[in-house]
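Structural overview
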Amino acid sequence: MTIQSIRGMPDILPEQAGAWLYLEKAVARLFASYGLTQIRTPIVEETRLFARAVGDVTDIVEKEMYSFEDRSGESLTLRPELTAGVVRAAIEHGLLHNQTQRLWYQGPAFRYERPQKGRYRQFHQIGVECFGFPDAAMDAELIELTDALWSELGIREHVSLQLNTIGSPEARARYREALVTYLTAHFELLDADSQSRLQRNPLRILDSKDQGTQEVLEGAPSLESYLTDDDRAHFGRLTAHLDAAGVSYVLNPRLVRGLDYYGRTVFEWVTDELGAQGTICGGGRYDGLVAHLGGKPTPGVGFALGVERVVLLMQTLAVIPDTVTSQADVYLMAQVPVAESAIRSLARKLREACPELRVMTHIGEGSLKSQLKKADKCGARVGLIVGESELENGTVVFKPLRGGDQEILSQDDTLRRLQRG
Ligand code: HAM
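Residues numbered from 1 in each chain as written. Predicted model: local features only at pLDDT ≥ 70, side-chain atom pairs only at ≥ 80, totals over all residues. Heavy atoms only, no water.

Turning to helix H6 (residues 169-185), a few remarks are in order. Over its 17 residues, H6 runs 24 Å from end to end, which matches the ideal 24 Å to within 8%, given 1.5 Å per residue. Taken as a whole, H6 has its buried residues at Ala171, Arg172, Tyr175, Ala178, Leu179, Val180, Tyr182 and Leu183. Residues of H6 that are buried in the fold lie against helix H7 (192-200), helix H8 (211-218) and helix H9 (229-245). (Helix = DSSP H or I, 4+ residues; strand = E, 2+ residues; numbered from the N terminus. Expected span 1.5 Å × (residues − 1). Buried < 20%, exposed > 50% of the residue type's maximum accessible area, 1.4 Å probe, protein only. Contact = heavy atoms within 4.5 Å.)

Our focus in this paragraph is the sheet that holds strand S13 (residues 359-361). Taken in spatial order, the 5 strands make up an open sheet running S13-S12-S14-S15-S16, and their pairing is mixed. Each edge of the sheet is formed by a strand with only one pairing partner; in this case those strands are S13 and strand S16 (407-410). Each adjacent strand pair in this sheet contributes to an overall mean axis angle of 30 degrees, direction not counted. Inspection of the sheet shows strand S12 (residues 330-334) paired to S13 by 3 bridges, in the parallel sense. Along S13, the bridge assignment pairs leucine 332 with threonine 361. The strands that helix H13 (residues 340-353) touches are S12, S13, strand S14 (382-386) and strand S15 (395-400); relative to S13, the one it contacts most, it runs at about 170 degrees. Here helix H14 (residues 368-377) sits on the sheet and contacts S12, S14 and S15; the angle it forms with S12, its principal contact strand, is near 165 degrees. (Pairing = 2+ DSSP bridges. Axes fitted to C-alpha atoms, helices over the stretch in contact; angles between N-to-C directions.)

In this section: the sheet that holds strand S11 (residues 300-306). Pairing in this open sheet of 8 strands is mixed, and the strands run S1-S5-S6-S11-S10-S9-S7-S8 from one edge to the other. The sheet is open, and its two edges are formed by strand S1 (37-38) and strand S8 (250-251), each paired on a single side. Bridge analysis of strand S7 (residues 160-165) against strand S9 (residues 265-270) gives 6 bridges, and the strand direction is antiparallel. Residue threonine 165 lies in a different strand from S9, and its bridge partner there is threonine 265. In the packing of helix H1 (residues 14-33) onto the sheet, the strands contacted are strand S5 (101-110), strand S6 (122-131) and S11, and the crossing angle to S6 comes to about 5 degrees.

A word on the site of the ligand. Around the ligand, a shell composed of 26 residues is seen, among which Glu81, Thr83, Glu113, Glu129 and Tyr262 lie nearest. In isolation the ligand has 660 Å² of accessible area, and contact with the protein removes 96% of it. Mapped by element, the contributors of at least two residues to the shell around the ligand are S6, strand S10 (279-285) and S11. Top contributing element to the shell around the ligand by residue count: S10, with 5 residues. Split by residue class, the shell around the ligand holds 11 nonpolar, 8 polar and 7 charged. (Near = heavy atom within 4 Å. Areas by Shrake-Rupley, 256 points an atom, 1.4 Å probe, with all protein chains shown as cover. Nonpolar A, V, L, I, M, F, W, Y, C, P; charged D, E, K, R; others polar.)

Okay, the packing of aromatic side chains next. Tallied over the entire structure, the rule returns 8 aromatic pairs. Measuring from ring centre to ring centre gives 6.4 Å for phenylalanine 31 and phenylalanine 303, while their planes differ by 90 degrees; the resulting arrangement is edge-to-face. Of this pair, phenylalanine 31 sits in helix H1 while phenylalanine 303 sits in strand S11, and the two are 272 residues apart along the sequence. Since its relative accessible area comes to 2%, phenylalanine 303 is described here as buried. The structure contains a cluster of three or more aromatic residues connected by ring pairs, namely Phe131, Tyr261, Tyr262 and Tyr286. Over the ring of phenylalanine 398 we find arginine 417; its NZ or CZ atom is 5.0 Å from the centre of that ring. (Phe/Tyr/Trp six-rings, centres within 6.5 Å; stacked < 30°, edge-to-face > 60°. Lys NZ or Arg CZ within 6 Å of the ring centre and 35° of its normal.)

For H13, spanning 14 residues, the distance from its first C-alpha to its last is 20 Å, which sits close to the expected 20 Å at 1.5 Å a residue. In this structure, the buried residues of H13 make contact with S12, S13, S14, helix H15 (388-393), S15 and helix H16 (411-420).

Domain assignment breaks the chain into domain 1 (14-168 + 227-317) and domain 2 (326-419). Measuring from the centre of the C-alpha atoms in domain 1 to the corresponding centre in domain 2 gives 46 Å. (Domains from an automatic or database assignment.)

Further remarks concern the packing of helix H5 (residues 136-153) against H9. Two elements in contact, H5 and H9, have axes whose closest approach is 8 Å; the angle formed by their N-to-C orientations is 40 degrees. Overall, the two elements H5 and H9 adopt an arrangement that is oblique. Judged by the twist between their axes, the crossing of H5 over H9 is right-handed. Contacts from Ala136, Ala137, Asp139, Ala140, Ile143 and Glu144 in H5 reach His234, Arg237, Leu238, His241, Leu242 and Ala245 in H9. For the contact of H5 with H9, the residue count by class is 7 nonpolar, 2 polar and 3 charged. (Parallel < 35°, antiparallel > 145°, perpendicular 65-115°, else oblique. Left-handed = near helix turned anticlockwise from the far one by under 90°.)

With respect to the element layout, threonine 165 can be found in strand S7. Threonine 165 gets classed as buried once you look at its relative accessible area, which sits at 6%. Side-chain polar atoms of threonine 165 contact the backbone nitrogen of glycine 167, separated by 3.3 Å. Ignoring sequence-local partners within four residues, the contact set of threonine 165 consists of Leu223, Leu227, Phe235, Arg264 and Thr265. (Polar contact = N/O pair within 3.5 Å; in protein donor to acceptor, adjacent residues only side chain to side chain.)

Here it is as structure tokens:
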């Protein structure tokens, strides 16, 4: 029996990895242009970090964590998300003392969910966390940043922004009481999941997809009417900034998100193109989390996108440039074995002169015909061939592989031609 990968933990094969790198490059460039710096935290943390940060009675902590005891009996967990670890690290290393932080990260996360298209047990997030900014301008800046990313990736027309404010903890506590009273009176009409959530995490019932529960919710008190004046003003500033920036949004009073640390702003970017797992990115404000984890009270706001889902969406919409899926721009071939060292030294010159150019040399034997086949297969635009006479004259056969006539050029002209693109 051969050994297989773990269910829900797919390999990212070479044909996929180009798209991943393309996304990661776009992110690294864009995030740097917003003044973000990167942080990398461990994949494993103490279990109680997630219980405290994400919340004891959330689905993630109750049902989805990969927790285990290490050899010394300590309970550890593979991170189900990255915000908790980033906050832990920021407190631990004094990153929040009299300074603000604008941080980003990327890496795997683990949730024991039922695998399906767009939902995995090991998946990857790219995210941002900003600390020390109570102003809604930061919420707006992060949303604008994601908007810019979708535009750059060519998927902006196929995603929409869902936006809500869930108010301060005081407002939520008062609302929670009213909601529980109302739903208790309609207990029999709720689905089983919502019934079990009623005492533990009633706000999540607002997210229920069950038809009967949805009908009960029609008549439920709204969170909106429990917001404080400050909550309203904060949200008003956010929407004013978004309006000014031309970022459109859909107000969704039912959007509450599945992690306990949020307060005020919550948002999700969703698409219709991916079936059931259409949320490609989610985030919000969490002004209480740093203090809740033992740090000095410090406002926080952030988001994370699901790399698999964004890549899937780019593939579905066929917006990934061909150069991303091809292996090389130029393929060098020796028509006779004595020309092999010449093509190797030419390849090296090309790589030094044009660092962005992807240069592949033919390795091993093969007729010119079979070498040209390989050149075509790797997606190269140009073939460079050195035969006996080129070797003698220090020239190269410059052969466009996607249409056009071949020419004989000097090595220097070949370089110049490729530098021009
Ligand atoms: P989240 O909504 O749980 O938020 O996850 C963020 C994104 O990760 C989702 O929108 C989705 O695209 C992706 N994702 C989640 N679970 C899976 C899965 N099983 N398979 C594939 N993709 C998945 C958070 O994790 C928060 N930490 C976001 C945040 C950062 N809020 C503030 N700062």
